[in-house]
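Summary of structural features
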Amino acid sequence: MTTYKIALLKGDGIGPEIVDQAVKVLDKTADKFGFAVEYDPADIGGIAIDNYGEPLPQVTVDKCKAADSVILGAVGGPKWDSQPANNRPEKGLLKIREALGLFANLRPAVIFEPLKKASPIKDEIIGDNLDIMIVRELTGGIYFGERGRLEENGVPAAYDTEKYSVPEIERIVKVAFDMAMKRNKKLTSVDKANVLESSRLWRETVNRISADYPEVQVNHMYVDNCAMQLVRNPGQFDVIVTSNIFGDILSDEASMISGSIGMLASASLSGGKRGLYEPIHGSAPDIAGQDIANPLATILSVAMMLRYSLDQPQAAQAIEDAVAKALTTHRTPDIYEEGKTKVTCSQMGDYVCTLI
Ligand code: IPM
Ligand code: MG
């Protein structure tokens with residue numbers, strides 16, 4: 001029997017509760033589809049600061065590198081707000097992305113039919129089968145560029161730098177084109193080329209690579225327009241490719257179209273098989289420990305792992321189908337609607353298991 005080794009980085013806040021549900025569902029899926037999973041827990045974020053003095057200890061990096069894939073919950077919380085900037089929990093997340101070379105972040109924004117009412121966007125705007133794939137560059141740009149504080153004529157100032165090299169743009173854009181080829185062959189590249197030089201280089205690179213993908217219909221969109229178009233007519237998008245910071249912002253926006261930020265999964269890939277799978281939402285310290293968080297984004301992240309890293313597409317589909325079915329009757333508080341059964345985080349995990 002195939003045994004997969006999974007590094008388990010639960011992190012902070014609601015991280016442990018949601019990852020526990022994802023593990024339950026993965027174990028159930030393994031039983032059903034005839035494979036086994038071994039878990040190797042490791043610390044990241046605030047808990048790692050508490051236990052090791054830093055948000056990403058080397059032992060965690062080593063465990064991730066020795067694993068077939070990584071499942072991550074969330075990091076951060078008020079307890080660590082007073083940490084210096086380079087030792088914050090979020091730094092652990094940025095460092096693991098860098099250490100594993102996870103330059104491609106896939107964030108699918110899909111609407112599950114039964115959740116249409118939970119979306120703040122009107123039914124007729126959402127349309128049928130909303131399914132957008134945001135491909136976010138994850139290890140470059142302003143997140144990793146030079147930054148600092150200085151004083152100009154006695155006035156304190158600070159700066160961060162948005163910089164992209166051609167190879168960095170090429171590799172993420174190719175991921176997006178390949179993705180578009182497997183989907184509806186439509187790619188929107190989002191930038192701010194009317195202002196930013198790095199965006200002009202981005203756009204040139206997309207246009208050059210598009211020659212290798214004659215079947216893909218490409219359009220360019222400024223990020224401000226894209227933010228507006230996402231709520232005006234989200235159905236126009238198939239695959240969106242964009243920089244690290246624009247992807248961060250647009251994926252939060254897209255998540256609300258699908259009803260709740262508690263629904264959006266993500267995969268972070270390096271070009272190899274190993275990936276890191278995490279919900280796009282944060283650690284929600286305000287509701288941590290109450291067993292009321294929505295575990296579905298993490299459960300759907302496990303489905304992405306089965307599809308992209310472990311070559312178990314049927315198992316992935318089984319999880320996605322189970323989530324879709326669970327939503328017809330069972331809801332965590334963030335997506336609760338009258339007439340449905342209100343469930344806790346762990347009850348949702350259990351219920352999804354029964355549908356696998
Ligand atoms: C995300 C998060 C992170 C990011 C934070 C927590 C550093 O918002 O994964 O979208 O900005 O990338
Ligand atoms: Mg974000």
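Keep in mind it's a predicted model, so treat the numbers as computed, not measured.

**Looking at the environment of T328**
Within the fold, T328 resides in the loop between α11 (313–327) and β13 (330–331). Residue T328 is classed as partly exposed on the basis of its relative accessible area of 39%. The spacing of T328 and K340 is 12 residues in sequence and 7.8 Å in space, taken between C-alpha atoms. The residues contacting T328, other than those within four sequence positions of it, are P114 and K340.

**Details of the packing of aromatic side chains**
Enumeration according to the criterion identifies three aromatic pairs in this entry. With a centroid separation of 5.4 Å and 65 degrees between ring planes, the pair formed by Y164 and W202 is classed as edge-to-face. Taken as a pair, Y164 in the loop between β7 (155–160) and α6 (166–182) and W202 in helix α7 (residues 197–210) lie far apart in primary sequence, 38 residues in all. Assigned by exposure class, Y164 and W202 land together as buried.

**Examining the pattern of salt bridges**
Side chains carrying opposite charge are able to pair once their charged atoms draw close together. In total, this model carries 22 salt bridges according to the counting rule given. Here D131 and R183 are joined by a salt bridge, their closest N and O atoms 3.2 Å apart. Residue D131 is located in strand β5 (residues 131–137), and its partner R183 is located in the loop between α6 and β8 (186–191); the two are separated by 52 residues in the primary sequence. By relative accessible area, which is 37% here, D131 ends up partly exposed. Among the salt bridges present, the one from D224 reaches K192, with a minimum N-O distance of 3.1 Å. You can see D224 sitting in helix α8 (residues 223–232) and its partner K192 sitting in the loop between β8 and α7, a full 32 residues away along the chain. Overall, D224 belongs to the partly exposed group, its relative accessible area being 45%. Take K192: its relative accessible area is 18%, and that puts it in the buried class. Where salt bridges share partners, they join D81, R88 and E90 into one cluster.

Calculation notes
Residues numbered from 1 in each chain as written. Chains lettered and ligands numbered in written order. Predicted model: local features only at pLDDT ≥ 70, side-chain atom pairs only at ≥ 80, totals over all residues. Heavy atoms only, no water. Helix = DSSP H or I, 4+ residues; strand = E, 2+ residues; numbered from the N terminus. Buried < 20%, exposed > 50% of the residue type's maximum accessible area, 1.4 Å probe, protein only. Contact = heavy atoms within 4.5 Å. Phe/Tyr/Trp six-rings, centres within 6.5 Å; stacked < 30°, edge-to-face > 60°. Salt bridge = Lys/Arg side-chain N within 4 Å of Asp/Glu carboxyl O.

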